[in-house]
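Here is what each chain is made of, one letter per residue.
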Amino acid sequence: MTDLTSRQKEPLAHEKPQQPQERHTEKDPQHISMPVIYFIVFVSSMLARMFRGLYSDGNTPIFDEKHYAVHAWEMTLNGGVENNFGYNIIVHPPLGKYLIALGEVLFGNTPVGWRIFPMIAGSLTVVLITAIAYRLTRSQGLAISVALLATFDAVLLSVTRLALLDSFTGLFIVLIVYCLLRYFQDQDGKVNIWEATWLAWAGVSGGLMMSVKVSGVYPMAFAGLTLVMMTLLRVEQVRDMFINIGMGLVYFFVVPVTVFFVIYTPWFASESSVYRHAIESGEDPVAGTGWMPLGMQNFFYYYSKVMEFHTGLTTRGDNFFPYESKWWEWMLGARPMLLKTDEAINARYDIVANPLVWGLLGVVFLFSVYKVFTKRFDWAVVLFGLSSAWIPWIMFTTRQQYLFYCTTVAPFLALGIVMLIRELATAISRGRIEKNNQGTEEDNDEDEKVSLTVDEVRVTKVFAKVLKNTIVTYMVIAGLGFMALTPAIYGIPGTAGYVEKVKDTMPRWETITEDNLYELYPSAPESNEKKGPTGPVEFNF
């Protein structure tokens, strides 16, 4: 069984090899300190996001920025709450908009203002997944490989260049995983709930994620499940088991909910926030809340409307939208989101996914499940991240889904790919070493033939060479895919025609227009309208 630090050996045979192998150490020599690497990763990620990152629609927000950047600016004028237009369009918690508003306070109601903190959040996400990779592998080379994949992941890069809430949910979900990893590593595989500072920080991170999007409740549920499983596996005394699970409820329920309501303080303090006085205006309270203070009754009424909005965003009936990309289509990067066309420079901007990266999503997920069942708990980090970010969309297949929803999956996919390559290099190296040793063991009986353990393979020069060659090969392949998509990500002048040709070569990548809508979707409503939660909305081509 391997713990989260990968220091223990996973036996592949019972005996050590008779021939000692040339050794190197998988833990790289510290040619440069990790804080310096983290700083370089952050700066590089920021530069990747800032390059041609100030495009706009006549100096106004584009895509869903038209909600969040505008709401954020309203918050700077209204004491922390959005304008109340009398209908339900404020359907996400306020923290993400607070952070966007902070940028607008510092840099004005401009593209720099509304995008600077989403860009910072995206860059910190890359730094954190790099730190997780290093803590799992103790290899600077592998950590840097994860950093490169995450920095230049087309989805993560495209989304975190914009004032979208997914920039912040991506950061906080990785922060949850980092805190959980630190807790289990610091406890050396044990569960000691009374020395659980990192669990408390995981709970705070979960509360922050819930305060950006309510879907942050899913990582907290998975975190609680993880704690219960680890407690059952590692705690022997029944009394301690119940104490640990009880304290887990504090960290993963009480703490996040407390943070959530603290973030909503301006809503409670305002007299004009949305649905702030719904009950006084004659609306019926939500069932089971009549005993609560009036402010809480109004809050739960507000959230009943929020949930009504989100549950109405389905693909049933006439709720059709052509740019939908379901969770299984993310592996193809299907239905890239067109953000903006700029005819003046013959360019276009899209949210796209690199199929040479995302095509491995299913493989990485299934392999992580297999490794966890074989008690390789370093892979539990990958499985937890992918599960909490991807499985909720699998559970709600009828809900409208889009390519940019997979932003929270991207960091863990980068980590999983690099760890998968390390496993592949281990298997190849072990085969080569054992083949070389076979000649010296010809005269031995079958029972005397031996095999290297995983840790023994990973300190050989053969492994170092195979790993380096495999990583470099894949990085070149993935890099070529990224370069092919660069014109769509950055809106390179004169490349609109090229982008169209690239999209036409990929399944379900076509740009949808009024001319090809019914050819691609014969069952689309003939009225060319979709019924949204607030009424009919014309398709926007």
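What you see is a predicted model; the values in this text were computed from it and never measured.

A. Layout of the overall build of the chain. Counting its regular elements, the chain contains 20 helices and four strands. Within the chain, the fraction of its 541 residues that count as buried is 55%. Counting only contacts in the chain whose residues sit at least 6 apart along the sequence, the fraction spanning at least 24 positions is 75%.

B. View of the packing of aromatic side chains. Counting across every chain of the model gives 34 aromatic pairs. Where Tyr218 meets Phe396, the ring centres are 6.3 Å apart and the plane angle is 50°; that geometry is what we call tilted. With Tyr218 in helix H9 (residues 217-234) and Phe396 in the loop between helix H15 (378-395) and helix H16 (410-438), the pair connects residues that are 178 residues apart, well separated along the chain. Look at Tyr218 and you get partly exposed, because its relative accessible area is 25%. Residues Trp327 and Trp390 carry aromatic rings whose centres are separated by 5.9 Å and whose planes lie at 70° to one another, so their mutual orientation is edge-to-face. With Trp327 in the loop between helix H12 (294-311) and strand S1 (337-342) and Trp390 in helix H15, the pair connects residues that are 63 residues apart, well separated along the chain. Take Trp327 and Trp390: they sit in the same class, and that class is buried. One aromatic cluster is present, formed by Phe260, Phe261, Tyr264, Trp267, Phe268, Tyr275, Phe299, Phe300, Tyr301, Tyr302 and Tyr303 through successive ring pairs. One Lys or Arg, Arg115, reaches over the ring of Tyr55 and ends 4.8 Å from the middle of that ring.

C. Local environment of helix H10 (residues 238-263). End to end, H10 covers 37 Å across 26 residues, agreeing with the expected 38 Å (1.5 Å per residue, within 8%). At Val254, H10 is deflected by roughly 25°, the largest bend along its length, and proline Pro256 occurs up to four residues later in sequence. Within the sequence span of H10, burial applies to Met241, Asn244, Met247, Gly248, Tyr251, Phe252, Pro256, Val259, Phe260 and Ile263.

D. Focus on the pairing of strand S2 (residues 347-351). S2 sits mainly inside the fold: five of its five residues count as buried. The sheet contact formed by S1 and S2 spans five bridges and is antiparallel. Residue pairing across strands places Lys340 opposite Tyr349, the latter belonging to S2. With antiparallel pairing between neighbouring strands as the criterion, S1 and S2 make up a hairpin whose turn holds four residues, including Asn346 at a positive phi of roughly 55°.

E. Focus on the nonpolar core. Residues Ile132, Trp358 and Leu415 are the most contacted members of the largest nonpolar core, which totals 128 residues. Grouped together as the second largest cluster of nonpolar side chains are twelve residues, Val352, Ala488, Ile489 and Trp509 included.

F. Representation of the pattern of salt bridges. Overall, the coordinates contain twelve salt bridges when judged by the stated rule. Salt-bridge contacts for Glu500 lead to Arg348; the nearest nitrogen and oxygen are separated by 2.2 Å. With Glu500 in helix H19 (residues 496-504) and Arg348 in strand S2, the pair connects residues that are 152 residues apart, well separated along the chain. Classification of Glu500 by relative accessible area gives partly exposed; the value is 24%. Within the structure, one salt-bridge network assembled from shared partners comprises Lys371, Arg376, Asp378, Arg422 and Glu423.

G. The packing of helix H8 (residues 197-210) against H10, seen in detail. Across the interface, H8 lies against H10 with an axial gap of 7 Å and an inter-helix angle of 45°. Judged by the inter-axis angle, H8 sits oblique to H10. For H8 against H10, the interelement crossing comes out right-handed. Residues Leu199, Ala200, Ala202, Gly203, Val204, Gly206, Gly207, Leu208 and Met210 of H8 form the contact with H10, whose participating residues are Tyr251, Phe252, Val255, Pro256, Val259 and Phe260. Of the residues belonging to the contact of H8 with H10, the class tally is twelve nonpolar, three polar and no charged.

H. Expanded view of unusual backbone geometry. Even without a glycine there, the phi angle at Arg138 is positive, about 55°. Here the phi dihedral of Lys375 falls at roughly 65°; this positive angle occurs in a residue that is not glycine. Take Lys375: its relative accessible area is 45%, and that puts it in the partly exposed class.

I. Here's a closer look at helix H2 (residues 65-77). The terminal C-alpha atoms of H2 lie 18 Å apart, and with 13 residues this matches the ideal 18 Å at 1.5 Å per residue to within 8%. Buried residues belonging to H2 abut helix H3 (95-107) and helix H4 (111-137). Just downstream of H2, Gly79 is the residue with a positive phi angle, here 70°.

J. How the structure looks around the layout of surface pockets. By volume, the second largest pocket is sized at about 530 Å³. The wall of the second largest pocket is formed by 21 residues, among which Thr226, Met229, Val372, Ala380 and Leu383 lie closest to the centre. Of all the secondary-structure elements, those providing two or more residues to the lining of the second largest pocket are helix H7 (166-186), H9, helix H14 (361-373) and H15. The element best represented in the lining of the second largest pocket is H9, accounting for six residues. A class-by-class count of the residues in the lining of the second largest pocket yields 18 nonpolar, two polar and one charged.

K. A look at the environment of Glu324. Counting through the fold element by element, Glu324 comes out in the loop between H12 and S1. The exposure class assigned to Glu324 is buried, which follows from its relative accessible area of 10%. In this structure the C-alpha to C-alpha distance between Glu324 and Leu403, which are 79 residues apart in sequence, comes to 7.4 Å. Excluding residues within four positions of it along the chain, Glu324 makes contact with Thr315, Glu329, Arg335, Arg399, Gln400, Gln401, Tyr402 and Arg508. A distance of 3.3 Å separates polar atoms of two side chains, one belonging to Glu324 and the other to Lys326. There is a polar contact of 3.1 Å between the side chain of Glu324 and the backbone nitrogen of Gln401.

L. How the structure looks around the side chain of Ser45. Here Ser45 lies in helix H1 (residues 34-50). Of the residues examined, Ser45 reaches a relative accessible area of 0% and is grouped as buried. Within the structure, Ser45 has its side chain in polar contact with the side chain of Thr151 (distance 3.2 Å). For Ser45, the contacting residues outside a window of four places in its chain are Ser123, Val126 and Thr151.

The rules behind each value
Residues numbered from 1 in each chain as written. Predicted model: local features only at pLDDT ≥ 70, side-chain atom pairs only at ≥ 80, totals over all residues. Heavy atoms only, no water. Helix = DSSP H or I, 4+ residues; strand = E, 2+ residues; numbered from the N terminus. Buried < 20%, exposed > 50% of the residue type's maximum accessible area, 1.4 Å probe, protein only. Contact = heavy atoms within 4.5 Å. Phe/Tyr/Trp six-rings, centres within 6.5 Å; stacked < 30°, edge-to-face > 60°. Lys NZ or Arg CZ within 6 Å of the ring centre and 35° of its normal. Expected span 1.5 Å × (residues − 1). Bend = angle between axes of the 7 residues up to and from the residue. Pairing = 2+ DSSP bridges. Core = buried A, V, L, I, M, F, W, Y, C linked by side-chain atoms within 4.5 Å. Salt bridge = Lys/Arg side-chain N within 4 Å of Asp/Glu carboxyl O. Axes fitted to C-alpha atoms, helices over the stretch in contact; angles between N-to-C directions. Parallel < 35°, antiparallel > 145°, perpendicular 65-115°, else oblique. Left-handed = near helix turned anticlockwise from the far one by under 90°. Nonpolar A, V, L, I, M, F, W, Y, C, P; charged D, E, K, R; others polar. 1 Å grid on protein atoms, 1.4 Å probe; cavity = no way out; pocket = protein on both sides within 12 Å on 5 of 7 lines; lining within 4 Å. Points joined across faces, edges and corners; volume = space filled by probe spheres on them. Polar contact = N/O pair within 3.5 Å; in protein donor to acceptor, adjacent residues only side chain to side chain.

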